[in-house]
Amino acid sequence: MVFSSTIFLFIFLPLVIIVNYLLSNKIRNSFLLLVSLFFYAWGEGILVLVMLGSIYINYIAGVGISELSNKKIAKIVLALAICANLSILFYFKYSNFFIDNLSILVNFENFNFKEILLPIGISFFTFQGISYLIDVFRNDTKVQKNPIHLGLYISLFPQLIAGPIVRYHDIAMEIENRKIDLSMFSDGLFRFIRGLSKKVLIANSAALIADKAFEMNINELPTLVSWLGIICYALQIYFDFSGYSDMAIGLGKILGFNFKENFNYPYISRSIQDFWRRWHISLSTWFRDYLYISLGGNRLGKWITYRNLFIVFLVTGLWHGASWNFIVWGLFHGLFLILERNNIINVKMFPRFIQHIYLLLVVLVAWVFFRTDNLLDSIYYLSTMIGFNNGNNYEPIMYLTNYTLLMLLTGVIFVTPIRLWLEMKLRINFFIWKRLNSINLFLKPLSYLFLLILVLVELAQSSYNPFIYFRF
């Protein structure tokens, strides 16, 4: 069940909101835990047992770590629990990749191996469990001795399948006791509609062209179409991913939770360092706090720092999926981050416009590895982008209808903080801002209602609604 499906929008979500509002605080967590497990089981079936296993492991380990007075033994329990979490992740996410590569190395021609199904969102809830255990060990958060509360933290459906990665200490108080007021509810509803619009109107429009370009025979792909395809994919993945984060944050507010922001206009960055401060913030800060700093960070000299960055971006690539393409994508970003830190690439010596161009070129080239199925396809696609293997099949351009062009243009505009810029400019003139605020009381709900109607019309007339998180 995905957020942009009609069954979620018209049945599941309204029922959850109504029942959650009517219930007392004492049983809201039990209710949300049950509906979160149902939400997951709806699409994953028996694999919901993997999540239940994760809840059980982290609950027992968390209590054990907190009760042990001997720090050395507690550290052993922590290490064993992290290994258990990572073992589950490795088995379900990387076994197929490992065995496929092993069979090539040892030339198993008749090797019969049954593919292991990947539980959606396993990377997200595994990392949440690990961060909880580490924070308990570090005394950054109190242990949760109520299994229902901890189970809710790990399985909470708004951020379960596409993030953001939520730290336990950020919502610990809200799990124990939260209030839902009209202001928070309305903010959450508007945020959810904004995210849903990003996904259905912009991301799906961009995905239609990107998918056509990447599905083409590489020998028929013209240079123009290859650039159109990767630009559309860059728009798709941003508006899809940030749209899901907006929906998660909005749903969280509707249910009484405050999740942190996950995106901050990454495409306006002027360096790879800046890009990773703005892109998938919950993941980059997770790796910084629990891996990079644990390895020594930048405290042990520049070569150890480069090694640590290499490890972090290797793991970042693997986190996204079990494929050499994801590994190359991660290391590609890591390479440019190291080059920037070493001033081999000194972006500050160039005008701001050139800095933006540099960032976009690096990110677009990296997205080719992220989107294609194997490294050979990536190389062929990149060679087409620079003018080699130039074909003459312009079929994807036929999908550039007036509606699609409008959505792509809207996407290009809103990858920038133009909305925030206009708001800041209007705030300067207090008289105009005061008048607009009074009009906004009526205009804002109407504009979001209009957006919601557009989304519902699009969902009704089109069956094209891709979900790109199956590999995560």
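What counts and what doesn't
- Every chain is numbered on its own, with residues counted from 1 as its sequence reads.
- Only residues with pLDDT of at least 70 get local features here, since the model is predicted, and only at 80 or more are side-chain atom pairs given and counted; chain-wide, interface and lining totals rely on the full set of residues.
- Computation of side-chain values: all heavy atoms of the structure, hydrogens and water removed.
- We count a stretch as a helix when DSSP gives it H or I for four or more residues in a row; a strand needs E for two or more, and each element gets its number in order from the N terminus.
- Our radius of gyration looks at C-alpha atoms and nothing else; its globule reference is 2.2 Å times the residue count to the power 0.38.
- Relative accessibility under 20% of the residue-type maximum defines a buried residue, over 50% an exposed one, and the middle range a partly exposed one, all with a 1.4 Å probe and only protein chains included.
- Asp and Glu are treated as the negative residues and Lys and Arg as the positive ones, with His and the ends of the chain left uncounted.
- To locate a charge, take NZ of a lysine, CZ of an arginine, CG of an aspartate or CD of a glutamate.
- Residues belong to a common nonpolar core when they are buried Ala, Val, Leu, Ile, Met, Phe, Trp, Tyr or Cys residues joined through side-chain atoms within 4.5 Å.
- Contacts are assigned to residue pairs with any non-hydrogen atoms lying within 4.5 Å of each other.
- Only centres within 6.5 Å qualify two rings of Phe, Tyr or Trp (six-membered ring in Trp) as a pair; their planes then separate them into stacked at under 30 degrees, edge-to-face at over 60, and tilted for everything else.
- Two limits define a charge over a ring: the Lys NZ or Arg CZ must be within 6 Å of the ring centre, and within 35 degrees of the ring normal.
- Counted as salt bridges are all cases of a side-chain nitrogen of Lys or Arg within 4 Å of a carboxyl oxygen of Asp or Glu.
- pLDDT is a per-residue confidence score from the predictor, ranging from 0 to 100.
- A fitted line through C-alpha atoms serves as each axis, taken over the contacting stretch for helices, and the angle formed by two N-to-C directions is quoted from 0 to 180°.
- Crossing handedness follows the turn of the near helix against the far one: under a right angle anticlockwise gives a left-handed crossing, and clockwise gives a right-handed one.
- Under the scheme applied here, ten amino acids are nonpolar (Ala, Val, Leu, Ile, Met, Phe, Trp, Tyr, Cys and Pro), four are charged (Asp, Glu, Lys and Arg), and all others, including Gly, are polar.
- In this scheme, roughly parallel covers angles under 35 degrees and roughly antiparallel covers those over 145, while 65 to 115 is roughly perpendicular and the rest are oblique.
- Every patch collects residues that have over 30% relative accessible area and no salt bridge, joining them within 9 Å if they carry like charges and within 5 Å if they are nonpolar side chains (Val, Leu, Ile, Met, Phe, Trp, Tyr).
- Only the protein chains shown count as cover for residues, and the accessible areas themselves come from Shrake-Rupley with a 1.4 Å probe.
- What a helix is expected to span follows from its residue count: subtract one and scale by 1.5 Å.

## Some remarks on the overall build of the protein
Phase 1 of the analysis: Per the secondary structure count, the protein includes 18 helices and zero strands.
Phase 2 of the analysis: Computed over its C-alpha atoms, the radius of gyration of the protein comes to 23 Å, within 12% of the 23 Å expected for a compact globule of 472 residues.
Phase 3 of the analysis: Dimensions of the protein, computed from C-alpha atoms along their principal axes, come out at roughly 70 × 65 × 50 Å.
Phase 4 of the analysis: Burial status across the protein gives 51% buried among its 472 residues.
Phase 5 of the analysis: Of the side-chain charges in the protein, 38 are positive and 26 negative, and the distance between the mean point of each set is 12 Å.

## A closer look at the nonpolar core
Considering soluble globular proteins, one finds that nonpolar side chains tend to be buried as a cluster.
Phase 1 of the analysis: The biggest cluster of nonpolar side chains holds 137 residues, and the ones touching the most others in it are Phe-8, Phe-157, Tyr-267, Trp-279 and Trp-367.
Phase 2 of the analysis: Top contributing element to this core by residue count: helix α9 (residues 223-255), with 17 residues.
Phase 3 of the analysis: For Phe-157, the contacting residues outside a window of four places in its chain are Phe-3, Phe-8, Phe-12, Val-16, Val-35, Ser-36, Phe-39, Leu-251 and Leu-255.

## Describing the packing of aromatic side chains
Phase 1 of the analysis: Applying the stated criterion across every chain yields a total of 52 aromatic pairs.
Phase 2 of the analysis: Arranged with centres 5.0 Å apart and planes meeting at 90 degrees, the rings of Phe-263 and Trp-279 form a pair that is edge-to-face. Within this pair, whereas Phe-263 is found in the loop between α9 and α10 (272-278), its partner Trp-279 is found in the loop between α10 and α11 (281-292), the two being separated by 16 residues in sequence. Summarising the burial analysis for this pair, Phe-263 and Trp-279 share the class buried.
Phase 3 of the analysis: Positioned above the aromatic ring of Phe-137 is the side chain of Lys-71, whose terminal nitrogen or guanidinium carbon lies 4.3 Å from the ring centre.
Phase 4 of the analysis: In this structure, Lys-93 packs its charged tip against the face of Trp-319, placed 5.5 Å from the ring centre.

## Overview of the pattern of salt bridges
Phase 1 of the analysis: Evaluated as defined, the whole model comprises eleven salt bridges.
Phase 2 of the analysis: Asp-211 is the partner of Arg-371 in a salt bridge, and the nearest nitrogen-oxygen pair spans 3.0 Å. Of this pair, Arg-371 sits in helix α14 (residues 352-371) while Asp-211 sits in helix α8 (residues 182-215), placing them 160 residues apart in sequence.
Phase 3 of the analysis: Taking relative accessible area as the criterion, Arg-371 reaches 16% and is therefore assigned buried.
Phase 4 of the analysis: Among the charged side chains, a network of salt bridges with common partners joins Arg-191, Lys-198, Asp-246 and Glu-261.

## Quick notes on unusual backbone geometry
Phase 1 of the analysis: One non-glycine residue, Asn-139, adopts positive backbone phi at about 65 degrees.
Phase 2 of the analysis: Along the chain, Asn-139 falls in the loop between α5 (122-137) and α6 (147-155).
Phase 3 of the analysis: Judged by relative accessible area, which is 62%, Asn-139 ranks as exposed.
Phase 4 of the analysis: You will see that Asn-343, though not glycine, has its phi angle at about 60 degrees, which is positive.
Phase 5 of the analysis: Relative to the helices and strands, Asn-343 resides in the loop between α13 (324-341) and α14.

## Things to note about the confidence of the model for the protein
Detailed reading of the predicted model is not advised wherever pLDDT is low.
Phase 1 of the analysis: In the predicted model, the protein carries a mean pLDDT of 90, and 94% of its residues have values of at least 70.
Phase 2 of the analysis: By mean pLDDT, helix α17 (residues 418-428) is the weakest element of the protein at 68, and α14 is the strongest at 96.

## Some thoughts on the packing of α5 against α11
Any two packed helices are characterised by the angle at which their axes cross and by the distance between the axes.
Phase 1 of the analysis: Two elements in contact, α5 and α11, have axes separated by 12 Å at closest approach and are oriented at 40 degrees. Crossing angle aside, the handedness with which α5 passes α11 is left-handed. Contacts between α5 and α11 pair Phe-127, Ile-130, Ser-131, Ile-134 and Asp-135 from the former with Leu-283, Trp-286, Phe-287 and Tyr-290 from the latter.
Phase 2 of the analysis: The residue makeup of the contact of α5 with α11, split by class, is seven nonpolar, one polar and one charged.

## Details of the environment of Pro-119
Phase 1 of the analysis: Following the sequence through the fold, Pro-119 ends up in the loop between α4 (71-106) and α5.
Phase 2 of the analysis: For Pro-119 and Met-51, which are 68 residues apart along the polypeptide, the C-alpha to C-alpha distance reads 8.9 Å.
Phase 3 of the analysis: The contacts of Pro-119, once residues within four sequence positions are left out, are Tyr-40, Glu-44, Leu-47, Val-50 and Phe-92.

## With respect to the packing of α4 against α5
Phase 1 of the analysis: Closest axis-to-axis distance for the α4/α5 pair is 10 Å, and the angle between their directions is 175 degrees. Classed by the angle they form, the pair α4 and α5 counts as roughly antiparallel. Between α4 and α5, the contacting residues are Lys-71, Ala-74, Lys-75, Leu-78, Ala-81, Ile-82, Asn-85, Leu-86, Ile-88, Leu-89, Phe-92 and Lys-93 on the first element and Ile-122, Ser-123, Thr-126, Phe-127, Ile-130, Leu-133, Ile-134 and Phe-137 on the second.
Phase 2 of the analysis: Grouping the constituent residues of the contact of α4 with α5 by class yields 14 nonpolar, three polar and three charged.

## Quick look at a nonpolar patch on the surface
Phase 1 of the analysis: Together, Met-349, Phe-350, Phe-353, Ile-354, Ile-357 and Leu-361 make up a nonpolar patch on the protein surface, roughly 600 Å² of accessible area in all.
Phase 2 of the analysis: Turning to its location among the elements, Phe-353 is positioned in helix α14.
Phase 3 of the analysis: For Phe-353, a relative accessible area of 60% puts it in the exposed group.

## Section: the side chain of Lys-199
Phase 1 of the analysis: Here Lys-199 is to be found in helix α8.
Phase 2 of the analysis: Setting aside chain neighbours within four positions, we find Lys-199 in contact with Ser-4, Asn-204, Phe-239, Asp-240, Tyr-244, Met-247, Asn-465 and Pro-466.

## Overview of the environment of Ser-54
Phase 1 of the analysis: The residue Ser-54 is located in helix α3 (residues 48-67) in this model.
Phase 2 of the analysis: In the structure, Ser-54 is positioned 71 residues away from Phe-125 in sequence and 8.2 Å away in space, judged by C-alpha atoms.
Phase 3 of the analysis: Ignoring anything within four residues of it in the chain, the contact list for Ser-54 reads Asn-85, Phe-125 and Ile-154.

## Considering helix α12 (residues 302-320)
Phase 1 of the analysis: Under the 1.5 Å per step criterion, the end-to-end length of α12 is 27 Å for 19 residues, consistent within 8% with the ideal 27 Å.
Phase 2 of the analysis: If you check which residues of α12 are buried, you get Thr-305, Tyr-306, Asn-308, Leu-309, Val-312, Phe-313, Thr-316, Gly-317, Trp-319 and His-320.
Phase 3 of the analysis: Those residues of α12 that are buried are in contact with α4, α5, α10, α11, α13 and α14.

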